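Spelled out from the first residue to the last, the chains are:
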Amino acid sequence: MTKKLSLEQYPLHLGLGAKAVPQPEFTGMEWYAAYVDRNAADGGEGRLVSMYSFRESWTSWERHPAGDEAVICTAGEITLIQELPDGPHKVTLRAGEYAVNPRGVWHTADVADHATALFITSGIGTEHRPR
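For the structure given in this document, a descriptive report is provided here. Please read these numbers as outputs of a predicted model, since none were measured by experiment.

What counts, and where the lines are drawn
- Residues numbered from 1 in each chain as written.
- Predicted model: local features only at pLDDT ≥ 70, side-chain atom pairs only at ≥ 80, totals over all residues.
- Heavy atoms only, no water.
- Helix = DSSP H or I, 4+ residues; strand = E, 2+ residues; numbered from the N terminus.
- Buried < 20%, exposed > 50% of the residue type's maximum accessible area, 1.4 Å probe, protein only.
- Contact = heavy atoms within 4.5 Å.
- Polar contact = N/O pair within 3.5 Å; in protein donor to acceptor, adjacent residues only side chain to side chain.
- Phe/Tyr/Trp six-rings, centres within 6.5 Å; stacked < 30°, edge-to-face > 60°.
- Lys NZ or Arg CZ within 6 Å of the ring centre and 35° of its normal.
- Pairing = 2+ DSSP bridges.
- Core = buried A, V, L, I, M, F, W, Y, C linked by side-chain atoms within 4.5 Å.

**As for the environment of Val111**
- Structurally, the position occupied by Val111 is in the loop between strand S8 (107-110) and strand S9 (115-121).
- A relative accessible area of 7% means that Val111 is categorised as buried.
- What Val111 contacts, discounting residues up to four positions off in sequence, is Phe54, Arg55, Glu56, Ser57, Glu77 and Ile78.

Have a look at this one:
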């Protein structure tokens, strides 16, 4: 039987062999360590699919050393900020638009009012630092 799940509440793992594996309920930042442990066998080829709604700008930077991250805005407006070799780069996304955070590039986001975005991430080894 097929279950209906909320992507914001229950992220999805896309694994080797074209597997789609619903994940346990998202509980906060500690959830990510358990996600990596659960799906370690897929290595850098596995992808975490998650959705978040934001009412304020991010308070940290992050980067994904194992692969690129696709960010798809589904509602509102979100401005991605990437630390590229030639300096900071900003791109504002509105519903239906996307951008890619390249492998290993530090990135954060600003949100003026509200935004919802879908993230497709190679999450192994993700790092965070304060903004």
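Alright, that's what it looks like, and here's the rest.
**Observations regarding the side chain of Gln82**
- Note on placement: Gln82 falls in strand S5 (residues 69-84).
- For Gln82, the side chain forms a polar contact with the main-chain oxygen of Val100, separated by 3.0 Å.
- Excluding its chain neighbours within four sequence positions, the residues that come into contact with Gln82 are Gly87, Pro88, His89, Val100, Asn101, Pro102, Val105, Trp106 and His107.

**Observations concerning the packing of aromatic side chains**
- Applying the stated criterion across every chain, the model contains ten aromatic pairs.
- Each residue in the set Phe26, Trp31, Tyr32, Tyr35, Tyr52, Phe54, Trp58 and Phe119 is aromatic and connected to the rest through ring pairs, giving one cluster.
- Here Arg38 stacks its cationic end above the ring of Trp31, 5.2 Å away from the centre of that ring.
- For Arg129, the ring lying beneath its charged end belongs to Trp61, and the centroid distance is 5.0 Å.

**What to know about unusual backbone geometry**
- A positive phi angle, near 60°, is found at Ala18, a position not held by glycine.
- Within the secondary structure layout, Ala18 lies in the loop between strand S1 (12-15) and strand S2 (19-22).

**A few points about the side chain of Gln23**
- As for its placement among the helices and strands, Gln23 is situated in the loop between S2 and helix H1 (30-38).
- A distance of 2.8 Å separates a polar atom in the side chain of Gln23 from a polar atom in the side chain of Arg38.
- For Gln23, the side chain forms a polar contact with the side chain of Asn39, separated by 3.1 Å.
- Beyond its immediate chain neighbours, meaning those up to four positions away, Gln23 contacts Tyr10, Pro11, Leu12, His13, Trp31, Tyr35, Arg38 and Asn39.

**A few points about the pairing of strand S3 (residues 47-54)**
- Of all eight residues in S3, six are buried, a share of seventy percent or more.
- With seven bridges joining them, S3 and S9 adopt antiparallel strand pairing. Paired with Val49 across the strands is Ile120, a residue of S9.

**Here's the deal with the nonpolar core**
- Within the largest apolar cluster, 14 residues are counted, with the highest numbers of intra-cluster contacts made by Phe54, Trp58, Val71, Ile78, Leu80, Leu93 and Phe119.
- Within the residue set of this core, elements represented by two or more residues are S3, S5 and S9.
- When neighbours within four sequence positions are excluded, Leu80 is seen to be in contact with Val71, His89, Lys90, Val91, Leu93, Ala99, Asn101, Thr108 and Ala109.

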